[in-house]
Amino acid sequence: MKELTYREMGLNDQEFENIKTIMGREPNYLELGMFSVMWSEHCGYKNSRPLLRTFPTEGPQVVQGPGENAGVVDIGDNQALVFKIESHNHPSAIEPYQGAATGVGGIVRDIFTMGARPIASLNSLRFGPLEDARVRQLFSGVVAGIAGYGNCLGIPTVGGEVYFNPSYQGNPLVNAMCVGLVDIDQIALAVASDIGSPIMIVGAKTGRDGIHGATFASEELSEASAAKRPAVQVGDPFMEKLLIEACLELIKEDLVAGMQDLGAAGLTSSIAESASKKGRGVMVDVSKVPRRETGMTPYEVMLSESQERMLIVPRAGKEARIEEIFTKWGLDATVIGYVTEDGMFRLMEGNEQVGVVPVAALTESCPVYYREGEEPAYYQECRSFNPFDLEPADLAPALINLLQSPNIASKEWVYRQYDHQVMTNSSVLPGDGDAAVLRIKGRSKGAAFTTDCNGRLVYLDPYQGGMQAVCEAARNLACVGARPLALTNCLNFGNPEKPNVYWQMQNAIKGMAEAARALNTPVVSGNVSLYNESADRAIFPTPVVGMVGLMPDIARRRGMAFKDEGDLIVLLGELSQELGGSEHLYLAYGLEKGAVPPVDLAKEKSLIELLLDLAEKETLASCHDISEGGLAVALAESAIKGKTGFKVNLEQPLSRWDGLLFSEAPGRAVVSVKPSKLDELIAKAKEQGVPCLTLGRVEGSKLIYQGNGQELIGVALDQAVSTWGDAIRCSMK
Amino acid sequence: MKFGVVVFPGSNCDADCYHVIKDVLEQPVDYIWHREKEIKGYDALILPGGFSYGDYLRTGAIARFSPVMPAVMEFADQGGLIIGICNGFQILLEAGLLPGAMLRNRSLTFICKPVWLKVQNEATPFTNQLQKGEVLQIPIAHGEGNYFCDPSTLQSLKDNNQILFTYCGPNGEEDDIHNPNGSMANIAGIRNCKGNVLGMMPHPERCSEEVLGGTDGFKIFASMLKWCQEVRL
Amino acid sequence: MKATIYVTLKQGVLDPQGEAVKNSLHVLGYQEVNEVRVGKYVEIWLEGKNRAEAQKELEEMSDKLLANPVIEDFRVEITEG
Amino acid sequence: MKATIYVTLKQGVLDPQGEAVKNSLHVLGYQEVNEVRVGKYVEIWLEGKNRAEAQKELEEMSDKLLANPVIEDFRVEITEG
Ligand SMILES: Nc1ncnc2c1ncn2[C@@H]1O[C@H](COP(=O)(O)OP(=O)(O)O)[C@@H](O)[C@H]1O
Ligand SMILES: [Mg+2]
């Protein structure tokens, strides 16, 4: 492998100078490599840290906030949910199947590293338009990779989202989230504290996979990146499954002082992170690290990103028992070094010292950049655009187009490939509700999970879009009947060194932070993926929010499907005309413009409280929030799911109806109730100050939309079902 | 009635089966680690779903050589009940305890969805709580459930009423549209000649509780219990 | 010594993967393709043993593990040593 | 005309399947096995074309569809006709 210069490793001149100052000398090649990966954005967060600090991270429910492998929230009975979302965008762009598969593997390790049993996976995906053959290849490869890995592990993939937009053409997004369940007194942390205690590596042998992956993940994709590309990591889900079972056994028997997964930057990062927590040092003999390939240099061993490896720091005297357990699972653990007092990261090859770096230099000394954002020209221009200057489109065709838009159409083609029922906890299945719901065995409570982000809205107005992402996630949880607890996030942006991109980050994060505060859903974990750009353009800024919620009684979970003929259909929240940033504008006019309908945090909050209140009283037959496609699509989806028609009538003075039908204004939900429960609903809504408007009833086998008593749209249920149901499957044939 | 759930490296429905037996059927149950060489004191074994040994090479191909398998075969010889679910079915095929083999789903993709099953034979330890012709809804979750065997084997399966479940539509239509994976003769589950070993691709343990949306699967475990308590004694 | 084992689906066993590959090749414009069958290609490096012994053992391995006689045929070929 | 395409994992790319097969061969008592790699063996029957053309086309097919150039190598061999 030819030697790289510090620039090729992704360090700039100033950073190289800092390193020399810290070291008091020129670093050798190995040391330089270690700095370069630890100081990459992916590990060091040098561009994002100042912004991340503005997130609210505390609350009575928070057991562990950012800083560990994953966040932890209390769900009572000495139980907690452990969760995090992480990106694998660049690897997936190069090799969709393996890139996505190893993405799942990585986030799952972050969860069981904390001592938690992984109980659910979700994923948030973004691709270019499906008309493009290469995109279809990426899409099917990524989905197959997530399925191949997650299904083999036996962790149900219960939810997620998929969007298609030209901005992701050259740079798809693959974000994987995992949720684990743990007894609070069993939580494990990644620390190496006791001086002299051995450091073990266990799992897969180390090969030359993904060397400099972390650096690679911190650069723009280009033709060059293909050439520069490190050997692609191939996942071994079977090995990971053995690791999960073995590691959870160690935790159960309280045999480990510290446990850390090997993720980005491999041994270098995981050892440095474990040692830094207590200001310790380490002595590591690279020649002890089990290899898959011959002739590997210390540099390659320390930077390898081979998958399915864990670092274990045993409790004193427990080594033997640990060996036993690993042997039972057919794994061998190898001692590669020990913890020292002096805070130095010492690397030996046999008895020759090949490198020595202060641990803190790799972690704390990572530079932090306070950049200046600059409002992009497009912002005001898009805001000032008024959709009502456009001729209204024909309504019926517009609805059909929305139903068959891959951004709205059924995602069944995707989730049928995921085992979403293994572990026998899934009680609201993919597609049946606004969030996934799992029962907690042996308890009456349930947990709900969702991921959300509408990149187009964030692009048009990062501040509003950021708030929206958090609000939609919380709303989705409330719709199924769960109280939002806390969130994780994956900040997918372009090149932060570009002032316009940095401005997007600043404002999106500002919006997310404000919403998270208002809704009392602190940020407990997350991940940052920058430099998501390809030759021609940056992606839509896409800060994906993953949120978890809790419902006291799972019997009160709610789906989105209309139930019985005669049930009344009610809109909670206001009628809105605003079409800014809507899918309708995009489909009917090819426009991604307009002022994003503003979020009113107070109103979001009262809607959520109302939905929870109604869940407790079991007032509703169905509940579905209004998002892409607006009121019209929300109604259609509830009908399609319920295999029934409906008739609704909207009243207004205006002459055009596209706004009312297709506005994606936030803070709203479509619900259905037994007529006998209408009064109760209205009373509750009044209490919470949420507008509540009866639109019509569930009936027949036609979707009928009236305006001032005149039929605006009439679609046969069967047509709606096939249009919405087959869109993605057919384009993937 | 005492159940044993055999655990291979890579099994991932072992805990689900254990849960159904212990908490829903409320019968005693143990895990049996694949290194065990002896199986004593059990009335029934469950070979659970999952990806034993990663399902590398062929599903069930490597598990079939686990140290525990000779004991499993002996258990079968002595007439003990064995139900192999999904990967468990694939292992039974590889081990030759059941005839035939699994090919990849004709869609070439993993499929996770509820399917309808038609009960073809009610006079067995696994179906005595069901009616012949009854239609059950039970989820599948597999990439290789496309059952194959040669014509003479298929004939003998039919002649000996060894086919217990076939894929069908909501009203029992046994047609190709309702065949999710391309299985020969819509086969979803078969038993051995002796009748004490069942292999099925669908997952009864995934629909044995209301909270999971259905309880049809429970009837199969209930049948095993019934058979053990009454018929057999 | 190195050996190669070719595992192929028996005649009469339908090959969903081969079918799919054929269809996509047609879509890609390779109309001249009449049939495609996808099998496994297993490379094994082993020690000691003379050719004859090795051949015998490899046949065993294939028969027991590498191929499933119900649906697959195999062929063993000692390529080196 | 019949052609065979051998698809194998690139040097240095992890082969979990090969590992698993090796381990199970060891369990079965074949200790002499040092390494196992599992690849694909694709048989294609096609019409017309002279050998040279066919060779070229088959290489294309392999590069586009049969092999994944990022992690796999392939070799085309025209066996008959
Ligand atoms: N956008 C974010 N919001 C909140 N916390 C974050 C964010 N990005 C990273 N973090 C936190 O920073 C820490 C380091 O992240 P990361 O390097 O991804 O961990 P790992 O090494 O386990 O992958 C983790 O605790 C993570 O939760
Ligand atoms: Mg980690």
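Residues numbered from 1 in each chain as written. Chains lettered and ligands numbered in written order. Predicted model: local features only at pLDDT ≥ 70, side-chain atom pairs only at ≥ 80, totals over all residues. Heavy atoms only, no water.

Engineer: Requested: an account of the overall build of chain B, with residues and values cited.
Structural biologist: Along the backbone of chain B there are five helices and eleven strands. At 16 Å, chain B has a C-alpha radius of gyration in line with the 17 Å of a compact globule built from 233 residues. In terms of overall dimensions, chain B has C-alpha extents of about 45 × 40 × 35 Å along its principal axes. Counting across all 233 residues of chain B, residues that qualify as buried make up 66%. Here the contacts in chain B between residues at least 6 apart in sequence split such that 75% fall between residues at least 24 apart. Entry remark: accessible area of chain B is about 7800 Å², with carbon and sulfur atoms responsible for 49%. Once the 19 positive and 26 negative side-chain charges of chain B are each reduced to a mean point, those two points are 4 Å apart. (Helix = DSSP H or I, 4+ residues; strand = E, 2+ residues; numbered from the N terminus. Rg over C-alpha atoms; globule rule 2.2 N^0.38 Å. Buried < 20%, exposed > 50% of the residue type's maximum accessible area, 1.4 Å probe, protein only. Contact = heavy atoms within 4.5 Å. Areas by Shrake-Rupley, 256 points an atom, 1.4 Å probe, with all protein chains shown as cover. Lys, Arg positive; Asp, Glu negative; His and termini not counted. Charge placed at Lys NZ, Arg CZ, Asp CG, Glu CD.)

Engineer: Go over the packing of helix H1 (residues 16-27) of chain C against helix H2 (residues 51-66) of chain D, please, and point to the residues and values.
Structural biologist: Viewed as axis vectors pointing N to C, H1(C) and H2(D) meet at an angle of 115 degrees, and their least axial separation amounts to 11 Å. The pairing of H1(C) with H2(D) is recorded here as roughly perpendicular in orientation. The handedness of the crossing between H1(C) and H2(D) is right-handed. Of the residues in H2(D), those touching H1(C) at C:Val21, C:Ser24 and C:Leu25 are D:Met61, D:Leu65 and D:Leu66. Taken together, the residues of the contact of H1(C) with H2(D) break down into five nonpolar, one polar and no charged. (Axes fitted to C-alpha atoms, helices over the stretch in contact; angles between N-to-C directions. Parallel < 35°, antiparallel > 145°, perpendicular 65-115°, else oblique. Left-handed = near helix turned anticlockwise from the far one by under 90°. Nonpolar A, V, L, I, M, F, W, Y, C, P; charged D, E, K, R; others polar.)

Engineer: Break down empty space enclosed by the protein for me, citing the residues and quoting the values.
Structural biologist: Residue and element names in this part refer to chain A. Counted under the stated rule, the structure contains seven cavities of 30 Å³ or more. Residue lining of the largest cavity: 43 residues in total, with Gly160, Glu161, Lys411, Gly433 and Asp434 positioned closest to the centre. The set of elements that each furnish at least two residues to the lining of the largest cavity consists of strand E4 (117-127), strand E5 (157-164), helix H17 (412-415), strand E16 (446-452), helix H19 (462-480), strand E23 (622-625) and helix H23 (630-642). The element best represented in the lining of the largest cavity is E5, accounting for seven residues. Residue composition of the lining of the largest cavity, grouped by class: 20 nonpolar, 14 polar and nine charged. Of the voids in this model, the second largest cavity is the one considered here, and its volume is about 100 Å³. Those elements that provide at least two residues to the lining of the second largest cavity are E5 and helix H18 (455-460). Among the residues making up the lining of the second largest cavity, the classes are represented as four nonpolar, four polar and four charged. (1 Å grid on protein atoms, 1.4 Å probe; cavity = no way out; pocket = protein on both sides within 12 Å on 5 of 7 lines; lining within 4 Å. Points joined across faces, edges and corners; volume = space filled by probe spheres on them.)

Engineer: So what about helix H10 (residues 237-252) of chain A? Which residues, and what values?
Structural biologist: Residue and element names in this part refer to chain A. The end-to-end C-alpha distance of H10, which contains 16 residues, comes to 22 Å, matching closely the 22 Å that a straight helix rising 1.5 Å per residue would cover. Burial analysis of H10 places 15 of its 16 residues in the buried class, the great majority of the element. Positive phi appears at Asp254, one or two residues downstream of H10, with a value of about 55 degrees. (Expected span 1.5 Å × (residues − 1).)

By themselves, these observations are geometric and do not establish any function.
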